[in-house]
Amino acid sequence: MKQSSTTLYVGLDVHKDSIAVAYAPELRGAEVISLGTIGTRPCDIDKLIRTLKSKAGRLLFAYEAGPCGYGLYRYLTRKQLTCLVVAPSLIPKRPGDRVKTDRRDAAMLARLLRAGDLNPIYVPQVQDEAVREQVRDWRLYPVVQALQALRGVQFIVALTVVAELGDLTRFDNPRQLMGYRQLAARGKHANQVVVAIARELAAFMWAIARTVPPVP
């Protein structure tokens, strides 16, 4: 079948039992097309991929992070397909656009993906995400131990930070942070000071993690 577009930008509104699908052709300004709703089984995903590949040679997918986790992301990437998982709070919203439906959300994701306006979040490795079941065998466990050298950081705090952020060494540099005493002296709100302290602590954690390589 003749392909009408080189690339399709596919927005997915993912739920436990269904996925709303829409795609935007590569040509900017071209109409976003809704494909309706599909199931979440592998055979449903495979059928969708076949349908889309009949229309374009390259497929890019995006969906919002949520309670359904990263299973769909991993399934698509295993098939050598590009998929972005995006934070709902970072998705640009149009003023006054308050009506939310699965179909509209999928179309919005497709449109923003085509425009280059979506920033993906970090997706943890499977073994990192499963940290609660095999903590002491976890490859980042040495980092969890090392972070407890910081005053006020005990096991649960260290574990939570590393489980949420993954390998801290993936960041090239910590942000340059101002001393929280200077903030308080300038009359900053107490909550702003607390946030500044937390960010400064994160910078120290980053520095420690750089010295403790994960277990191979």
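Keep in mind that what you see is a predicted model, and the values were worked out from it rather than measured.

**Thoughts on the overall build of the protein chain**
(1) Moving on: For the protein chain, the helix and strand inventory stands at eight helices and five strands.
(2) Moving on: Pairs at least 24 residues apart make up 56% of the contacts formed inside the protein chain by residues separated by at least 6 positions.
(3) Moving on: Carbon and sulfur atoms form 53% of the exposed surface of the protein chain, whose accessible area is close to 13,500 Å².

**A look at the pattern of salt bridges**
(1) Moving on: The final tally for this structure, using the stated rule, is two salt bridges.
(2) Moving on: Arginine 41 is the partner of aspartate 44 in a salt bridge, and the nearest nitrogen-oxygen pair spans 3.1 Å.
(3) Moving on: The partner of lysine 79 in a salt bridge is aspartate 46, with the nearest N and O atoms 3.4 Å apart. Placement of the pair is lysine 79 in the loop between α2 (71-78) and β5 (82-86) and aspartate 46 in helix α1 (residues 42-53), with a sequence separation of 33 residues.

**As for the side chain of threonine 7**
(1) Moving on: Position of threonine 7 relative to the elements: it lies in strand β1 (residues 5-14).
(2) Moving on: In this structure, threonine 7 is in contact with Ala24, Pro25, Glu26, Ala56, Arg58 and Leu60, ignoring residues within four places of it in sequence.

**Topic: the environment of lysine 55**
(1) Moving on: Residue placement: lysine 55 occurs in the loop between α1 and β4 (56-64).
(2) Moving on: According to the relative accessible area criterion, lysine 55 is partly exposed, its value standing at 26%.
(3) Moving on: Note: C-alpha distance between lysine 55 and threonine 6 (49 residues apart in sequence) is 8.3 Å.

**Details of α1**
(1) Moving on: Between its first and last C-alpha, α1 extends 16 Å over twelve residues, near the 16 Å set by a 1.5 Å rise per residue.
(2) Moving on: By the burial criterion, the buried members of α1 are Asp44, Ile45, Leu48, Ile49 and Leu52. Along the long axis of α1, the arc covered by the buried residues comes to 135°, so they all point the same way. Residues of α1 that are exposed and point more than 90 degrees away from the buried face comprise Lys47 and Arg50.

**Re the nonpolar core**
Within soluble globular proteins, side chains that are nonpolar tend to cluster in buried spots.
(1) Moving on: Counting residues in hydrophobic clusters, the biggest one holds 23 residues, and the most contacted among them are Val10, Leu12, Ile45, Leu52, Phe61 and Leu76.
(2) Moving on: Within the residue set of this core, elements represented by two or more residues are β1, β2 (19-25), α1, β4, α2 and β5.
(3) Moving on: Apart from residues lying up to four places away in sequence, valine 10 is in contact with Val21, Ala22, Tyr23, Leu52, Leu60, Phe61, Ala62, Ala110 and Leu113.
(4) Moving on: Counting residues in each nonpolar core, the second largest holds 18 residues, with Ala20, Ala22, Ala106 and Leu109 among its members.

**Thoughts on the environment of valine 161**
(1) Moving on: With respect to the helices, strands and loops of the structure, valine 161 is situated in helix α6 (residues 155-165).
(2) Moving on: Remark: the alpha-carbon pair of valine 161 and methionine 205, spanning 44 residues in sequence, is separated by 9.0 Å.
(3) Moving on: Excluding anything up to four places from it in sequence, valine 161 contacts Gly166 and Met205.

**Some remarks on the pairing of β2**
For a regular strand, side-chain orientation follows a simple rule: the groups alternate between the two sheet faces.
(1) Moving on: Most of β2 is tucked away: seven of the seven residues are buried.
(2) Moving on: Sheet analysis places β2 next to strand β3 (residues 33-38), joined by five bridges and oriented antiparallel. Within β3, the position partnered with alanine 22 by the bridge is serine 34.

**Some points on α2**
(1) Moving on: Where α2 is concerned, the buried positions are Leu72, Arg74, Tyr75 and Leu76.
(2) Moving on: Just past α2, the residue glutamine 80 takes up positive phi, approximately 65°.

**Observations concerning the side chain of aspartate 105**
(1) Moving on: Examined against the element boundaries, aspartate 105 turns out to sit in helix α3 (residues 102-115).
(2) Moving on: Filtering out sequence-adjacent residues up to four positions away, aspartate 105 remains in contact with Asp13 and Lys100.

**Some thoughts on unusual backbone geometry**
(1) Moving on: For glutamine 80, which is not a glycine, the phi torsion comes out positive at approximately 65°.
(2) Moving on: For glutamine 80, a relative accessible area of 70% translates into the label exposed.

**Regarding the packing of α1 against α2**
(1) Moving on: Two elements in contact, α1 and α2, have axes separated by 12 Å at closest approach and are oriented at 50°. With respect to their mutual orientation, α1 and α2 come out oblique. The two elements α1 and α2 meet at a crossing, and its hand is right-handed. Residues Pro42, Ile45, Asp46 and Ile49 of α1 pack against Leu72, Tyr75 and Leu76 of α2.
(2) Moving on: Among the residues forming the contact of α1 with α2, the class breakdown is six nonpolar, no polar and one charged.

What counts as what
- Residues numbered from 1 in each chain as written.
- Predicted model: local features only at pLDDT ≥ 70, side-chain atom pairs only at ≥ 80, totals over all residues.
- Heavy atoms only, no water.
- Helix = DSSP H or I, 4+ residues; strand = E, 2+ residues; numbered from the N terminus.
- Contact = heavy atoms within 4.5 Å.
- Areas by Shrake-Rupley, 256 points an atom, 1.4 Å probe, with all protein chains shown as cover.
- Salt bridge = Lys/Arg side-chain N within 4 Å of Asp/Glu carboxyl O.
- Buried < 20%, exposed > 50% of the residue type's maximum accessible area, 1.4 Å probe, protein only.
- Expected span 1.5 Å × (residues − 1).
- Arc of directions from axis to C-beta.
- Core = buried A, V, L, I, M, F, W, Y, C linked by side-chain atoms within 4.5 Å.
- Pairing = 2+ DSSP bridges.
- Axes fitted to C-alpha atoms, helices over the stretch in contact; angles between N-to-C directions.
- Parallel < 35°, antiparallel > 145°, perpendicular 65-115°, else oblique.
- Left-handed = near helix turned anticlockwise from the far one by under 90°.
- Nonpolar A, V, L, I, M, F, W, Y, C, P; charged D, E, K, R; others polar.

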